[in-house]
Amino acid sequence: MITLYGIKNCDTIKKARRWLETNNVDYRFHDYRADGLDAELMQKFIAELGWEALLNTRGTTWRKLDETLRASINNADSAAALMLEMPAIIKRPLLWAPGKPMLLGFNENQYQTYFIEV
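In this report, the structure presented in the accompanying data block is examined. Source: prediction; values computed, not measured.

With that settled, consider the nonpolar core. Core analysis: the biggest nonpolar cluster contains 24 residues, and Y32, F45, L54, L55, M83 and L94 have the highest contact counts within it. Breaking this core down by element, the ones donating at least two residues are α3 (39–49), α4 (51–54) and α7 (76–85). Apart from the residues lying within four places of it in its own chain, the contact partners of M83 are L37, M42, I46, W51, L54, L55, I89 and I90. If you look at the next biggest cluster of nonpolar residues, it comprises 16 residues, including W19, A97, Y111 and Y114.

So, about the packing of helix α1 (residues 11–22) against helix α8 (residues 108–116). Contact pair α1 / α8: the axes reach a minimum separation of 11 Å and the direction vectors enclose 40 degrees. The orientation of α1 with respect to α8, classified from their angle, is oblique. Along this stretch, α1 crosses α8, giving a crossing that reads as right-handed. Here A16, W19 and L20 of α1 lie close against α8, whose contacting residues are E108, Y111, Q112 and F115. Residues belonging to the contact of α1 with α8 are distributed by class as follows: five nonpolar, one polar and one charged.

The next thing to look at is α1. The first and last C-alpha atoms of α1 sit 16 Å apart over twelve residues, in line with the 16 Å expected at 1.5 Å per residue. Of the surrounding secondary structure, the elements contacted by the buried residues of α1 are β1 (2–6), β2 (27–31), β3 (94–96) and α8. Phi turns positive one or two residues past the end of α1, at N24, with a value near 55 degrees.

Where burial is concerned, most of β2 is hidden: four out of the five residues are buried. Both β1 and β2 contribute to a ladder of five bridges, which runs parallel. Across the sheet, residue L4 finds its bridge partner in β2, namely F29. Chirality of the crossover, the property in question, places the unit of β1, α1 and β2 among those that are right-handed.

Moving on, we come to unusual backbone geometry. Residues R92 and P93 are joined by a peptide bond in cis, for which omega reads -5 degrees. In this structure, N24 is a non-glycine residue whose phi angle is positive, near 55 degrees. Within the fold, N24 resides in the loop between α1 and β2. The exposed category is assigned to N24, whose relative accessible area is 71%.

Scoring rules and cut-offs
Residues numbered from 1 in each chain as written. Predicted model: local features only at pLDDT ≥ 70, side-chain atom pairs only at ≥ 80, totals over all residues. Heavy atoms only, no water. Core = buried A, V, L, I, M, F, W, Y, C linked by side-chain atoms within 4.5 Å. Buried < 20%, exposed > 50% of the residue type's maximum accessible area, 1.4 Å probe, protein only. Helix = DSSP H or I, 4+ residues; strand = E, 2+ residues; numbered from the N terminus. Contact = heavy atoms within 4.5 Å. Axes fitted to C-alpha atoms, helices over the stretch in contact; angles between N-to-C directions. Parallel < 35°, antiparallel > 145°, perpendicular 65-115°, else oblique. Left-handed = near helix turned anticlockwise from the far one by under 90°. Nonpolar A, V, L, I, M, F, W, Y, C, P; charged D, E, K, R; others polar. Expected span 1.5 Å × (residues − 1). Pairing = 2+ DSSP bridges. Right-handed = clockwise from strand over helix to strand, strands pointing away.

Remember that the coordinates give geometry; whether it matters functionally is a separate question.
Written as structure tokens, this is what we have:
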């Protein structure tokens, strides 16, 4: 089953979900806030995508953090701990289809290419 990870009120998530539904792609939505996120899944994300790609340093959640805390996020362990504590800081959407690489972010052309090969 294809899984779309994110937060339901995110505008980019809404665009991705609309694209999936318009293109009749069967998927399951996993809301980090409602469905949770555990350390094992976070480690899978980091192993494939890297913590730097997952950590959204351009968003409001990151900008609201204390400068000392931001400076302390300098490796996979510290980033994972922060993302588990504050899932809104994870770049989204994250799309995961069995047997395919994870896809981070939303771009219609990337989704089209991704699903041609599914």
